[in-house]
Amino acid sequence: MDAFDLLLNRVSVTRLVDPAPTAAQLELMFRAALRAPDHGQLRPWRFLTIEGEAREHLGELLAEALRQRQPDASDEVLHKPRKMPLRAPLLVAVIACPVTHPKVPEVEQLLAVGCAAHGLLLAAHAQGLGAVWRTGEFAYDRYVAEGLGLSAGEQLLGFIYLGTPEGGLRKPPVLEPKDFVSQWNGKIIL
């Protein structure tokens, strides 16, 4: 796939079915993720793959996290988080592992993890796979993070859902750079 075609046409794919990415496809995706810009070469990331029956266990973890916040939640309300991880055959938890560094603030490290996740998304698209990065309340829930084995200093930045696109890919909207880019004239405004 042409690099510009990849960059200009990648879209989030929410309808994902089997088959999941192969081990070889996953390895390429992680190799791409590891090429993210990384000031200080700190590699402030790690990933967890979640597939098969582990997706059901993740659903139970999400439901329990919701029950922790809403003790009176009905079975109907708890049904939704149980089913969320089943929307794709494979999920990747994106984890930030920032370290204290005199020249690289934590925010730069979080940006590097975001770039790594984006590299993974691009590599999935380049291989004809579908992917979507999902966050939401469970991605930032400490109970979920602890259930996944994250340490106190780590942060879950979301889940990348991966699989085969169901149906065709949607066309990305055409955005005009002029709507987002302007030139600074050098005048300091205080």
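Residues numbered from 1 in each chain as written. Predicted model: local features only at pLDDT ≥ 70, side-chain atom pairs only at ≥ 80, totals over all residues. Heavy atoms only, no water.

Draft legend 1. The arrangement of a nonpolar patch on the surface in detail. On the surface, a cluster of nonpolar side chains totalling about 370 Å² of accessible area is made up of Phe4, Leu7 and Leu8. Here Leu8 shows up in helix 1 (residues 3-9). Under the relative-accessibility criterion, Leu8 is labelled exposed at 61%. (Patch = residues over 30% accessible without salt bridge, like charges linked within 9 Å, V, L, I, M, F, W, Y side chains within 5 Å. Areas by Shrake-Rupley, 256 points an atom, 1.4 Å probe, with all protein chains shown as cover. Salt bridge = Lys/Arg side-chain N within 4 Å of Asp/Glu carboxyl O. Helix = DSSP H or I, 4+ residues; strand = E, 2+ residues; numbered from the N terminus. Buried < 20%, exposed > 50% of the residue type's maximum accessible area, 1.4 Å probe, protein only.)

Draft legend 2. The nonpolar core, seen in detail. In terms of nonpolar packing, the biggest core is built from 27 residues, with Leu58, Val144, Leu148, Leu156, Phe159 and Tyr161 touching the most fellow members. When residues of this core are traced back to their parent elements, those giving at least two are helix 3 (53-69), strand 3 (90-96), helix 6 (142-147) and strand 5 (155-165). With six residues, helix 3 is the single largest residue contributor to this core. Leave out the neighbours within four places in its chain, and Val144 touches Leu61, Leu62, Ala65, Phe138, Leu156 and Phe159. (Core = buried A, V, L, I, M, F, W, Y, C linked by side-chain atoms within 4.5 Å. Contact = heavy atoms within 4.5 Å.)

Draft legend 3. Local environment of unusual backbone geometry. With an omega of 5°, the peptide bond running from Asp18 to Pro19 counts as cis. Within the secondary structure, Pro19 sits in the loop between strand 1 (16-17) and helix 2 (23-33). In this model, Arg43 sits at a positive phi of 50°, which is unusual for a non-glycine residue. Position of Arg43 relative to the elements: it lies in the loop between helix 2 and strand 2 (45-51).

Draft legend 4. View of helix 2. Regarding helix 2, the residues found buried are Gln25, Leu26, Met29, Phe30 and Ala33. The buried side chains of helix 2 occupy one side of the element, clustering within an arc of 135° when seen end-on. Relative to its buried face, helix 2 has exposed residues pointing more than 90 degrees away, namely Ala24 and Arg31. Next to the buried residues of helix 2 lie strand 2, strand 3, helix 5 (106-126) and strand 5. (Arc of directions from axis to C-beta.)

Draft legend 5. The packing of helix 3 against helix 4 (residues 75-83), seen in detail. Helix 4 packs onto helix 3 with a crossing angle of 140° between their chain directions and a minimal axis gap of 7 Å. By the angle class used here, helix 3 and helix 4 are oblique. Here the hand of the crossing between helix 3 and helix 4 comes out right-handed. Facing helix 3, whose interface residues are Gly59, Glu60, Leu62, Ala63, Leu66 and Arg67, helix 4 presents Val77, Leu78, Pro81 and Arg82. (Axes fitted to C-alpha atoms, helices over the stretch in contact; angles between N-to-C directions. Parallel < 35°, antiparallel > 145°, perpendicular 65-115°, else oblique. Left-handed = near helix turned anticlockwise from the far one by under 90°.)

Draft legend 6. Quick peek at the pattern of salt bridges. One pass over the structure, following the stated rule, counts eight salt bridges. Close ionic contact of Arg67 with Glu64 constitutes a salt bridge, the shortest N to O distance being 3.0 Å. You can see Arg67 and its partner Glu64 sitting in helix 3, three residues apart, about one turn around the helix. With its nearest N and O atoms 2.2 Å apart, the salt bridge here joins Arg69 to Asp141. Here the residue Arg69 occupies a position in helix 3, and Asp141 occupies one in the loop between strand 4 (130-134) and helix 6, the gap between them amounting to 72 residues. Under the relative-accessibility criterion, Arg69 is labelled partly exposed at 36%. Taken together, the salt bridges that share partners define one network made up of Arg69, Glu137 and Asp141.

Draft legend 7. Spotlight on the environment of Ala23. By the element assignment, Ala23 lies in helix 2. Ala23 gets classed as exposed once you look at its relative accessible area, which sits at 65%. Distance in space between the C-alpha atoms of Ala23 and Glu60 is 26 Å, their sequence separation being 37 residues.

Draft legend 8. Geometry of the packing of aromatic side chains. Considering all chains together, one arrives at one aromatic pair under this definition. Residues Phe30 and Phe47 carry aromatic rings whose centres are separated by 5.4 Å and whose planes lie at 45° to one another, so their mutual orientation is tilted. Here Phe30 is found in helix 2, whereas its partner Phe47 is found in strand 2, with 17 residues between them in sequence. As far as burial versus exposure is concerned, Phe30 and Phe47 are alike and both buried. A cation over a ring is seen here: Arg134 above Tyr161, with NZ or CZ 5.3 Å from the ring centre. (Phe/Tyr/Trp six-rings, centres within 6.5 Å; stacked < 30°, edge-to-face > 60°. Lys NZ or Arg CZ within 6 Å of the ring centre and 35° of its normal.)

So yeah, pure geometry; function would need other evidence.
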